[in-house]
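Here is how the chains run, residue by residue.
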Amino acid sequence: MAAAASAAPRVLSAEPRRRDPVAVGVPPWRLSPGSRVRAASRARQENVRRGQLISTNIKSRPLLCPPCRCAQMALANTRIAYQPDVQKHSGVLAYELVQGSLVQWNSFMDKSVPDPPTAVLLHGILGSRKNWGSFAKRLAQEFPMWQFLLVDLRCHGDSASIKKRGPHTVASTALDVLKLIVQLRLTPRVLVGHSFGGKVALSMVEQAAKPLARPVRVWVLDATPGKVRAGGDGEDHPAELIESLRRMPMQVSSKQEVVDALVKEQFSVDVARWVATNLRRNSPLGSLSSSSFSWIFDLNGISDMYKSYEETNLWGIVENVPRGVHINFLKAERSLHRWALDDLQRIHTAEELAADEGGGVEMHVLEDAGHWVHADNPDGLFRILSSTFRIEATIRGMQN
């Protein structure tokens, strides 16, 4: 262990770097990945921008692993050197930890050091943690004492390379995230899930008293606890999109080839471009040749996950909210087909019941937004979600 400790990443300098403006109001397929710190296969240096990415771990590691090779942590405005990751570990999920500029913590500190307030951000079907990248950086700048855990769910993004046993369900996906936060020694105070990720967040509350904090605030963005209603006429249908992708070859010559094929099948250009962000170039690192592209997700597993999303009913946790849990539903104004009158009535009834039981249920509407809430109206979503972090800050201040 002494040898491992000597290989820990060293802070080489505190050279400030010009800060780029945060990208807002941009669809997920146009968002720049930003400055991300990645565990590398060889030593390299990266600049880290204040209030943006502080730590990235491609695969989570068991807590007993040498910290120098598990979670590379750094303070804002520093340049860091990375040692080779020479050991293989069984990971849970790929993730990124975006920390505010006042956070000075990592999961390998003394256990007596409390973790900072943490929010978990979960993407939807066919998405990835990158969908939340710019939004998380904006939150970290506004709330510098918070950190934000961005996760690639099973079968998606970099987690697709981490083999998972079936069944691929909402419940098993939620359990993955719970295992990850235990491994990282985090106690999240806020869970935010978009679409499929919203049901995952509800399932996390249903499955575990710990490691979730009390109080814990859950945000379910444009998803209901029960029946899933696909797009209406002229809108995209996820199940059909998944099947169309499964019919495509595993390797394609360009991203535009995929965009053209999906548009030809009557999918929107925006969704086609967004899906194409899940293609990765096969050419060797540093090569400028066009080469070919391969999918970075497991479509068979994702197909099972979407079926589970349609079948999973979590009204029980909403209509019998545990004490200390506050569930917020956010309905996109233009996402009419996803919400039936019965859904809205049940949520309003649950609001009254939860208030009597020491929990909470609340309904919100995001104006001028379709299903892609964090792309259609990021400013409006930011204003709504910000209330949660301000409330939590007030509560912690009173406790201290």
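Residues numbered from 1 in each chain as written. Predicted model: local features only at pLDDT ≥ 70, side-chain atom pairs only at ≥ 80, totals over all residues. Heavy atoms only, no water.

As annotated in an unreviewed UniProt entry, the protein chain carries the name AB hydrolase-1 domain-containing protein and is attributed to Oryza rufipogon.

This paragraph deals with the pattern of salt bridges. Per the stated rule, a full pass over the model turns up 14 salt bridges. Close ionic contact of R334 with D368 constitutes a salt bridge, the shortest N to O distance being 2.9 Å. With a gap of 34 residues between them, R334 in the loop between β13 (325–332) and α10 (341–357) and D368 in the loop between β14 (360–366) and α11 (373–376) connect regions that are remote in the sequence. R334 sits in the partly exposed class, given a relative accessible area of 45%. Among the charged side chains, a salt-bridge network with shared partners connects E96, R129, D152, D158 and R280. (Salt bridge = Lys/Arg side-chain N within 4 Å of Asp/Glu carboxyl O. Helix = DSSP H or I, 4+ residues; strand = E, 2+ residues; numbered from the N terminus. Buried < 20%, exposed > 50% of the residue type's maximum accessible area, 1.4 Å probe, protein only.)

Take helix α3 (residues 170–183) next. Between the first and last C-alpha of α3 there are 20 Å, a value that for 14 residues agrees with the 20 Å anticipated at 1.5 Å per step. In the core, the buried residues of α3 are packed alongside β5 (94–99), β6 (118–122), β7 (147–152), α4 (196–207) and α8 (299–311). The residue sitting at the N-terminus of α3 and contributing the capping side-chain oxygen is T169; that oxygen lies 3.4 Å from the backbone nitrogen of A171. (Expected span 1.5 Å × (residues − 1). Contact = heavy atoms within 4.5 Å. Polar contact = N/O pair within 3.5 Å; in protein donor to acceptor, adjacent residues only side chain to side chain.)

Right, let's talk about the side chain of R129 for a bit. Among the structural elements, R129 can be located in the loop between β6 and α2 (133–142). Polar contacts involving the side chain of R129 include one to the side chain of D158, which spans 3.2 Å.

Time to look at unusual backbone geometry. A cis geometry characterises the amide bond from G166 onward to P167, with omega recorded as 0°. Within the fold, P167 resides in the loop between β7 and α3. If you check the backbone angles, C155 has positive phi at about 75° while not being a glycine. In this fold, C155 is placed in the loop between β7 and α3. In this structure, S195 is a non-glycine residue whose phi angle is positive, near 60°. Structurally, S195 can be placed in the loop between β8 (190–194) and α4. On the accessibility criterion, S195 (8% relative accessible area) is buried.

Take the nonpolar core next. If you look at the biggest cluster of nonpolar residues, it comprises 75 residues, and the most contacted ones within it are L126, L149, M204 and L245. Each of domain 1 (95–227 + 312–391) and domain 2 (238–297) contributes no fewer than three residues to this core. The contacts of L126, once residues within four sequence positions are left out, are H156, L241, I242, L245, W274, N278, F297, L299 and I302. (Core = buried A, V, L, I, M, F, W, Y, C linked by side-chain atoms within 4.5 Å. Domains from an automatic or database assignment.)

This next bit is on the packing of aromatic side chains. Inspection of the entire model under this criterion finds 10 aromatic pairs. When the ring of W132 is compared with that of F135, the centres are 5.6 Å apart and the planes differ by 70°; the resulting orientation is edge-to-face. The exposure class assigned to W132 is buried, which follows from its relative accessible area of 0%. Cluster of aromatic residues (ring-pair linked, three or more members): F143, W146, F148 and F389. The ring centre of F382 lies 4.2 Å from the NZ or CZ of R138, which sits over that ring. (Phe/Tyr/Trp six-rings, centres within 6.5 Å; stacked < 30°, edge-to-face > 60°. Lys NZ or Arg CZ within 6 Å of the ring centre and 35° of its normal.)

This part takes up the environment of N278. Position of N278 relative to the elements: it lies in the loop between α7 (269–276) and β11 (279–281). For N278, a relative accessible area of 2% translates into the label buried. Excluding residues that lie within four positions of it along the chain, N278 makes contacts with L126, G127, S294, W295, I296 and F297.

Quick look at the side chain of T312 now. Within the secondary structure, T312 is located in the loop between α8 and α9 (315–319). By relative accessible area, which is 19% here, T312 ends up buried. Within the local environment of T312, its side chain forms a polar contact with the backbone oxygen of S308, the two atoms lying 2.6 Å apart.

Moving on, we get to the environment of H337. Structurally, the position occupied by H337 is in the loop between β13 and α10. Looking at H337, the relative accessible area reads 21%, which means it is partly exposed. With 109 residues separating them along the chain, H337 and V228 place their C-alpha atoms 9.6 Å apart.

Let us now look at the packing of helix α5 (residues 238–246) against α8. It is the contact of α5 with α8, at a shortest axis distance of 10 Å, that shows an interaxial angle of 165°. For the element pair α5 / α8, the angle class is roughly antiparallel. In terms of crossing hand, the pair formed by α5 and α8 is left-handed. Contact residues: α5 offers P238, A239, I242, E243, L245 and R246, while α8 offers L299, N300, I302, S303 and Y306. Its residues assigned to classes, the contact of α5 with α8 shows 7 nonpolar, 2 polar and 2 charged. (Axes fitted to C-alpha atoms, helices over the stretch in contact; angles between N-to-C directions. Parallel < 35°, antiparallel > 145°, perpendicular 65-115°, else oblique. Left-handed = near helix turned anticlockwise from the far one by under 90°. Nonpolar A, V, L, I, M, F, W, Y, C, P; charged D, E, K, R; others polar.)

A few words on the sheet that holds strand β12 (residues 293–295). A sheet is described by the order of its strands in space; here 3 strands give the open sequence β10-β12-β11, paired in antiparallel fashion. This sheet does not close on itself; its edge strands, each paired only once, are β10 (251–252) and β11. Here β10 runs beside β12; their pairing, made up of 2 bridges, is antiparallel. Opposite V252, over in β12, you have F293 as the bridge partner. (Pairing = 2+ DSSP bridges.)

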